[in-house]
Amino acid sequence: MTKIEEAAAKIAAAGPCAPRLARDPVNQAMVNNWVEAIGDANPVHVDPAVASASVHKGLVAPPAMAQVWTMAGLHVGRAYDDPMGAIMAVLDEAGYTSVVATNSDQTYDRYLRPGERVAATTELLDVAGPKRTALGEGWFVTTRTSWTVDGEPVADMVFRVLKFRPVPAEPAAPVLRPVISRDTEFFWAGLSDGELRIQRWGDTLRHPPGPMPPDGSLEATPDYVVASGRGTVYSYVVHHHPPVPGKRLPFVVALVELEEGVRVMAELLDAAPDEVRVGLPVVAAFVRVDDELTLPAWRVAR
């Protein structure tokens, strides 16, 4: 038996933790927020008149809210005898530091009513592993949480998570490389030659390029024009998060309206976020990454 299995057996043998009493009684304000977020339109949860005329003879909380009432909150740690916390600590120490929920089976004994105070206990049922998964090697941890009101069972949940050791990520590429297709290769070839090429179908310019003309004709053949590279900022965003390979945060991505009438998106290189504005004049720039890739960009027209 491994150390993990020994620890799991000891935690399971200790049985359920002490009951944790909900911070607040079942209350209508929380029910109102829940049904609105979930899209539960059952009037017995929110309409006193309808609820009184129903088999419930009054307002009741949605059964699926059972876990809501005993959540400890952001700033309350696990109890000293909580079996989930105990087995998580054992697996963390063994290097299984990541977790993903796999399934949750809930059973409801009866509806809860406003004013009732719920208590919860949790016990460890099983720890199975190590298992090979797509996420990495891990252990399946199964617990049961039971909810009661004054000792009367009201709900039950068997919950399983996978606690796994992540597969090491491959080193990030220096930049995010575009996918180049037959429809876009002329554009990327143009950038390598220092040209901003825009696809043309007859008299119509289009960007991004596409495999068919805007009118849906099957007979037309596209070519391209070389844009002047001059334009103005039509819209922009300042990217703060998440990190992007090869970029220092924050940086500006601008949608530029060219003199030719089309709009092209690329990074604005030489302006701080607070210097950018809609209508700012810019010119095309070409960022050479390597022999195979040049990226479009903008610089402020000085």
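Predicted model, so just to flag it, every value in this text is computed and none were measured. (Residues numbered from 1 in each chain as written. Predicted model: local features only at pLDDT ≥ 70, side-chain atom pairs only at ≥ 80, totals over all residues. Heavy atoms only, no water.)

Draft legend 1. Quick look at the environment of Glu292. By the secondary structure assignment, Glu292 is in the loop between strand E12 (281-290) and strand E13 (293-300). Measuring from C-alpha to C-alpha, the distance between Glu292 and Thr142 comes to 51 Å, with 150 residues separating the pair along the chain. (Helix = DSSP H or I, 4+ residues; strand = E, 2+ residues; numbered from the N terminus.)

Draft legend 2. Just the pattern of salt bridges, in detail. By the definition in use, this model includes 17 salt bridges. Among the ionic pairs, Asp290 bridges to Arg177, the shortest N-O distance being 2.9 Å. One end of the pair, Asp290, is in strand E12; the other, Arg177, is in the loop between strand E5 (152-164) and helix H6 (185-192), with 113 residues separating them in the sequence. The class of Asp290 is partly exposed, set by a relative accessible area of 27%. Assessed through its relative accessible area of 42%, Arg177 is described here as partly exposed. Between Glu259 and Arg230 there is a salt bridge, with its nearest N and O atoms 3.0 Å apart. Of this pair, Glu259 sits in the loop between strand E10 (251-258) and strand E11 (263-268) while Arg230 sits in strand E9 (residues 230-239), and the two are 29 residues apart along the sequence. By relative accessible area, which is 44% here, Arg230 ends up partly exposed. Within this structure, Arg110, Glu116 and Glu152 form a network of salt bridges that share partners. (Salt bridge = Lys/Arg side-chain N within 4 Å of Asp/Glu carboxyl O. Buried < 20%, exposed > 50% of the residue type's maximum accessible area, 1.4 Å probe, protein only.)

Draft legend 3. Structural detail: the sheet that holds E9. One closed barrel accounts for 5 strands, arranged E9-E10-E11-E13-E12; its pairing is mixed. Strand after strand, the sheet turns through a mean of 45° between neighbouring axes, direction not considered. Pairing geometry for E9 and E12, over 3 bridges, is antiparallel. By the bridge assignment, Thr232 is partnered in E12 with Pro281. (Pairing = 2+ DSSP bridges. Axes fitted to C-alpha atoms, helices over the stretch in contact; angles between N-to-C directions.)

Draft legend 4. How the structure looks around the sheet that holds strand E8 (residues 223-226). Pairing is antiparallel in the open sheet, where 3 strands are placed in the order E7-E6-E8. Where the open sheet ends on each side, the last strands, each with one partner, are strand E7 (204-206) and E8. Ignoring strand direction, the axes of neighbouring strands in this sheet form an average angle of 45°. Two strands pair when backbone bridges link them, and strand E6 (residues 197-201) and E7 are joined in this way by 3 bridges, in the antiparallel orientation.

Draft legend 5. Looking closely at the side chain of Glu116. Relative to the helices and strands, Glu116 resides in the loop between strand E2 (98-108) and strand E3 (119-133). For Glu116, a relative accessible area of 18% corresponds to the buried category. Polar contacts involving the side chain of Glu116 include one to the side chain of Arg110, which spans 2.9 Å. (Polar contact = N/O pair within 3.5 Å; in protein donor to acceptor, adjacent residues only side chain to side chain.)

Draft legend 6. Examining the packing of helix H1 (residues 3-13) against helix H5 (residues 83-93) more closely. Put simply, H1 and H5 touch, their axes get as near as 10 Å, and they point 170° apart. Judged by the inter-axis angle, H1 sits roughly antiparallel to H5. Between H1, through Ile4, Ala7, Ala8 and Ile11, and H5, the contact on the second element is made entirely by Pro83, Ala86, Ile87, Val90 and Leu91. Across the contact of H1 with H5, the residue classes tally to 9 nonpolar, no polar and no charged. (Parallel < 35°, antiparallel > 145°, perpendicular 65-115°, else oblique. Contact = heavy atoms within 4.5 Å. Nonpolar A, V, L, I, M, F, W, Y, C, P; charged D, E, K, R; others polar.)

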